[in-house]
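Tertiary structure, described
Chain by chain, the residues run as shown.
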Amino acid sequence: QVQLVESGGGLVQAGGSLRLSCAASRSIFSIGGTDWYRQAPGKRRELVARITSSGSINYADSVKGRFTISRDNAKNAVYLQMNSLKPEDTAVYSCNADIATYYGDRHYSYWGQGTQVTVSS
């Protein structure tokens, strides 16, 4: 059973940076379109950034110019570089990715368990 694993969260001061990673727990064939979401306590889940299999990228207005999503197809990993962090960026960040586990398989949607990002003022 493939799992999607996020890492890189933690506690950082306002203005600091963190780099989140999203990767499969074992070898897979390919990772397709991937979204990073976040959810703060008492708030709705928010789509933060999206990268398609072809590399098209979109960001939420709240993170434009500060966050960068990227992918490494050789490693089947997707990253979220977060700079100039603000206290309002505090949330659990989760990735949702389309994964094909073997050649010829269709892509299925997987969710990670989430990683906590806390930005202190």
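Heads up: these notes are all about the structure in this document.

Now for the sheet that holds strand β3 (residues 18–24). Strand order in this open sheet of 4 strands is β1-β3-β8-β7, and the pairing throughout is antiparallel. The open sheet has two free edges, formed respectively by β1 (4–7) and β7 (67–72), since each of these has just one partner strand. Neighbouring strand axes in the sheet, compared pairwise and without regard to direction, differ in orientation by 15° on average. With 6 bridges joining them, β3 and strand β8 (residues 77–82) adopt antiparallel strand pairing. Residue pairing across strands places A23 opposite A77, the latter belonging to β8.

Across the 10 residues of strand β4 (residues 30–39), 8 count as buried, placing the element largely inside the fold. Taken together, the 8 bridges between β4 and strand β9 (residues 91–100) define a ladder with antiparallel strand orientation. Within the sheet, the bridge partner assigned to S30 lies in β9 and is A100. Sheet topology note: the β4/strand β5 (residues 46–51) ladder contains 5 bridges and is antiparallel. In the sheet register, T34 faces β5, and the bridge partner there is I51. Here β4 folds back onto β5, and the loop between the two strands holds 6 residues, one of which, G42, carries a positive phi near 80°.

Further remarks concern the nonpolar core. Judged by nonpolar contacts, the single largest core of 30 residues is most densely connected at W36, F67, L80, M82, Y93 and I99. Within the residue set of this core, elements represented by two or more residues are β3, β4, β5, β7, β8, β9 and β11 (115–120). It is β9 that contributes the most residues to this core, 5 residues altogether. Residue contacts for L80: discarding those within four places in its chain leaves L18, R19, L20, W36, V48, A49, F67, T68, I69 and Y93.

Let us look at the environment of Q13. Tracing the chain through its elements places Q13 in strand β2 (residues 10–13). Remark: the alpha-carbon pair of Q13 and V119, spanning 106 residues in sequence, is separated by 5.4 Å. For Q13, the residues in contact, after removing those within four places along its chain, are V119 and S120.

Evaluated as defined, the whole model comprises 5 salt bridges. Residue R38 is joined to E46 by a salt bridge in which the shortest nitrogen-to-oxygen separation is 2.8 Å. As a salt-bridge pair, K64 and D61 come within 3.1 Å of each other at their nearest N and O atoms. Look at D61 and you get exposed, because its relative accessible area is 64%. Where salt bridges share partners, they join R38, E46, R66 and D89 into one cluster.

Rules used throughout
Counting restarts for each chain: residues are numbered from 1 in the order of the written sequence. Note on the predicted model: pLDDT of at least 70 is required for a residue's local features to be given, and 80 or more for side-chain atom pairs to be given and counted; whole-chain, interface and lining totals, by contrast, use all residues. The side-chain figures draw on all heavy atoms in the structure; neither hydrogens nor water molecules are used. Here, a strand pair is defined by DSSP locating no fewer than two bridges between the strands. In this description a helix means any DSSP run of H or I spanning at least four residues, a strand means any run of E spanning at least two, and both kinds are numbered starting from the N terminus. To get an axis, fit a line to the C-alpha atoms, keeping to the stretch in contact for a helix; angles then go from 0 to 180 degrees between the N-to-C directions. Type-normalised accessible area, obtained with a 1.4 Å probe on protein chains alone, sets the label of each residue: buried when under 20%, exposed when over 50%, and partly exposed for intermediate values. The term nonpolar core refers to a set of buried residues drawn from Ala, Val, Leu, Ile, Met, Phe, Trp, Tyr and Cys, joined through side-chain atoms within 4.5 Å. Note on contacts: a residue pair qualifies if any of its non-hydrogen atoms lie within 4.5 Å across the two residues. The salt bridge definition used is simple: a Lys or Arg side-chain nitrogen within 4 Å of an Asp or Glu carboxyl oxygen.

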